[in-house]
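Chain and residue survey
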Amino acid sequence: MLTKHITRQTSKNSNTFVYSTMATPISLSLSSLASKSQQLVRNERRMLAASDDGAMTKLIQSTHAPDGRFVDVKPILQVIDNVLHHIIPNIDHAMNGGTGHIDALDDRTNSSAVDGALDALAYIVHKICCEVSCKCSGGGDAHATTMGILNMLSNYSWDAKVVLTLAAFAVNFGEFWLIVQLCTSNSLAKSVALLKQLPDILEHSQPLKPHFDALNKLINAMIDVTKCIVEFTELPSEFISIDVPPLSIAMAHIPTATYWIIWSVVACAAQITGLVGMRHEFITSTSEAWELSSLAHKRTIETPQMDNLKILLKILRNEGTYYLLNPDKTKVLNDVLRRKHVLLLISDLDISQEEIRVLEALYKGERVSSELNYEILWLPIVDRSTWNDGYEQKFLSLQSIMPWYTVNHPFAIEPAVIKYIMEVWGFVKKPIAVTLDPKGKALCPNALNMMWIWGNSAFPFSSEKEESFWKAEAWTLELLVDRLEPNLPTWVSQQKVVCFYGGVQMEWIESFTTATKAVAKALDIGLEMVYVGKNNAKERVKKITGLIKEKQLSHAWEDDNVWFFWNRLESMLYSKTQHGKTIENDAIKQEVMTMLAYDGSENGWAVFFTGTDEMVRANGDKVLSSMESFDEWEKLAKQMGFIPALRKQLEGITDDHHCTRLILPENSGGIPERVQCAECGRPMEMYFMYRCCVE
């Protein structure tokens, strides 16, 4: 049995997947598979992705069995807000080198209202406190602890679940911080800190600063989302029906949001518990801090906002007054993008000049109309550990030629956001463009696919618009070539046969073009031939293009058109894959994969079209053999027509020994698990190839 071994490597090198029909079987030992499975089971981060899918939502819903009991959550939430917003300024003050503590915030808590609300609830709050503390002390699974709390609170409404859990957290965190704050001046607090073996946080604040910064961000996010849940559940049902959008859509997210808040409480509590017993052994790794910060950003980015500014502010560090450079390269406040459609162009510093030029043509083109008004913001993702003057100059050079908004510097992007971009939006190496609507909602994880295929007509670049476009498409000459060949409308109107061909073997190109022209002359048909090069072979294609023009063999495209042609085909594949299409149920995807497989070979290939969208294609050996043996099917061609006769001739050529390769760069659109050979239809095997010198 053949087993695919799929891993992901991220580096400066190009990461590509290679499918081959002549490959050596790869096997994995059972012990290796078992080891990897156990590692995945132990890895709690799987829950960060799984908690948003349908199965996880059903699991959360299964814990919900409200019995109608009423909890007045607003006064409880007010005192929680008061506790946590007393702590956060004190933490910030201490972490920034301040001494003493701040207690200047107004306490507007209505004690009698809180007493009434918490009457008979103190036990459940205490029970949650114990559950969280015990499980965190024992290194328990955060997901299991979260589900345990949800089961414990099964009889309560969703808003009560989050408020009671936050109340328990406020108790634990408040007690912890009181001891930390008072241990330098109060003998009782000092003794308790000694027994708990708490580190001197105020004295050694810098090593712990990333952890408390992350805690603060996540706490603020938890409070914000909790307030949203409470406000939604308090909407008057006599005026607003919860069964009608958009309220029904928002209400459907409440169970998952509840899970996230409780999970966040457990994660924060684990951080605090981790400090107990450390005394002077401070945490040097910031991975846990980034985990919390990433969770806070995830909640903010995925929570509906009034406008997109809050999302944009979360993406950038809160340092300095100016964050962005506008298209004129002057500093501007980031609120210039408020309530606009924004494409977040995400790439490393190896983004190609062709990509920038093609995107610039779209950005400066039709979008100026009021219906197509969008902005682009470049977010460069870099490795900070290897940053040097060379990378600085490369960044400045790219920034200078981009006619859209850019960050002032790559380091302006929050590290937690970079983690989110890679883990949730799927950025690896190939540039992507995430679309944000004016309210900050992500409409599509990669709008570049749509832009390359349909241009600005796909605005506002949503997944729904993408799906509707595919429903109206068919495999035609126009879809394949788009507007890359300006002479195409004329050729079609003149009923000419149009041949697009590629490859990098000059001997084959000369033989093929000469033989094909001879066939066209013998049949007295109009023929136009266009050389479209080869993907990722820029220098070789440039040399061959020069020879083709010099010898007047055919038309030949320039660099940008060659790049755009192949990139559009890749975009079609990723777009189809993202929408769940397979080669078995989608003819366009099958044709696209065939074209890409032809390009993966070093041999040539050709595809013939007519204005009626008759089409035939073949690899270089087959099509050249057919043209050179034209006398065998000349009579048939005069009876049936050129393309039907050529198709019949090609079907009669058997090629038992062939090697077809399909080379695809890793992309957030997803890599197909199963690929059939374009020549024989057999399943191809998957390999990995790492390239650093792509032409």
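Please read all numbers here as calculations on a predicted model, not as lab measurements. (Residues numbered from 1 in each chain as written. Predicted model: local features only at pLDDT ≥ 70, side-chain atom pairs only at ≥ 80, totals over all residues. Heavy atoms only, no water.)

1. Some remarks on the nonpolar core
Soluble globular proteins tend to pack their nonpolar side chains together in the buried interior. Counting 99 residues, the largest nonpolar core has W475, Y501, F512, L569, F608, M627 and F642 as its most contacted members. Those residues in contact with W475, other than ones at most four positions away along the chain, are L480, L569, M572, I588, E591, V592, M595, F609 and M615. If you look at the next biggest cluster of nonpolar residues, it comprises 57 residues, including M147, Y156, F176 and I229. (Core = buried A, V, L, I, M, F, W, Y, C linked by side-chain atoms within 4.5 Å. Buried < 20%, exposed > 50% of the residue type's maximum accessible area, 1.4 Å probe, protein only. Contact = heavy atoms within 4.5 Å.)

2. As for the sheet that holds strand β9 (residues 497-502)
Spatial ordering of the open sheet is given by β11-β10-β9-β12-β13, a layout of five strands whose pairing is mixed. Bordering the open sheet on either side are β11 (555-556) and β13 (615-619), each of which pairs with just one other strand. Sheet contacts for helix α22 (residues 506-523): β9, β10 (527-531) and β12 (605-609); angle to β10, the most-contacted strand, approximately 165°. With respect to the sheet, helix α25 (residues 587-600) is in contact with β12 and β13, its orientation differing from that of β13 by roughly 35°. (Pairing = 2+ DSSP bridges. Helix = DSSP H or I, 4+ residues; strand = E, 2+ residues; numbered from the N terminus. Axes fitted to C-alpha atoms, helices over the stretch in contact; angles between N-to-C directions.)

3. Some thoughts on the confidence of the model for the protein chain
In this model, the protein chain carries a mean pLDDT of 77, and residues with pLDDT of at least 70 account for 70%. When mean pLDDT is taken per element in the protein chain, β10 scores highest with 96 and helix α1 (residues 30-42) scores lowest with 32. In the model, residues 1-14 has pLDDT below 50 throughout and makes 33 contacts with residues more than four positions away in sequence or in other chains. Of the regions scoring below 50 in pLDDT, residues 22-51 engages in 45 contacts with residues more than four places distant in sequence or in other chains. (pLDDT = per-residue confidence, 0-100.)

4. Some words on helix α17 (residues 415-423)
For α17, the tally of buried residues reaches seven of nine residues, placing the bulk of the element in the interior. Regarding α17, the residues found buried are P415, A416, V417, I418, K419, Y420 and I421.

5. What to know about the sheet that holds strand β3 (residues 331-332)
As summarised here, the arrangement of the seven strands in space is β3-β2-β6-β5-β4-β7-β8, forming an open sheet in which the pairing is mixed. Taken across any chain shown, the strands that pair with only one partner, and hence form the sheet edges, are β3 and β8 (442-444). Of the strand pairs in this sheet, strand β5 (residues 374-380) and strand β6 (residues 405-407) are connected by two bridges, and their pairing is parallel. The residue bridging W378 from the neighbouring strand is T406, located in β6.

6. Some thoughts on the packing of aromatic side chains
For the coordinates displayed, the defined rule picks out 30 aromatic pairs. When the ring of W454 is compared with that of W470, the centres are 4.9 Å apart and the planes differ by 70°; the resulting orientation is edge-to-face. One end of the pair, W454, is in helix α18 (residues 448-454); the other, W470, is in helix α19 (residues 463-471), and 16 residues separate them in sequence. Under the relative-accessibility criterion, W454 is labelled buried at 10%. According to the relative accessible area criterion, W470 is buried, its value standing at 7%. Ring geometry for W633 and F642: centres 6.2 Å apart, planes at 40°, overall tilted. W633 sits in the buried class, given a relative accessible area of 1%. Classification of F642 as buried rests on a relative accessible area of 9%. (Phe/Tyr/Trp six-rings, centres within 6.5 Å; stacked < 30°, edge-to-face > 60°.)

7. Concerning the pairing of β12
When you tally the buried positions in β12, you get five out of five residues, the bulk of the element. By the alternation rule, side chains of β12 split into W605, V607 and F609 and A606 and F608, which are all buried. Pairing analysis gives five bridges linking β12 to β13, with the strands arranged antiparallel. Directly across from F609, in β13, lies its bridge partner M615. Counted along the chain from β12 to the antiparallel partner β13, the turn is five residues long, and its residue D613 has a positive phi close to 65°.

8. Things to note about the packing of helix α15 (residues 353-363) against helix α24 (residues 559-578)
Interaxial distance between α15 and α24 falls to 10 Å at its minimum, and their mutual angle equals 85°. Considering the angle they form, α15 stands roughly perpendicular to α24. Between α15, through E354, E355, R357 and V358, and α24, the contact on the second element is made entirely by D559, D560, W563 and F564. For the contact of α15 with α24, the class distribution of residues is three nonpolar, no polar and five charged. (Parallel < 35°, antiparallel > 145°, perpendicular 65-115°, else oblique. Nonpolar A, V, L, I, M, F, W, Y, C, P; charged D, E, K, R; others polar.)

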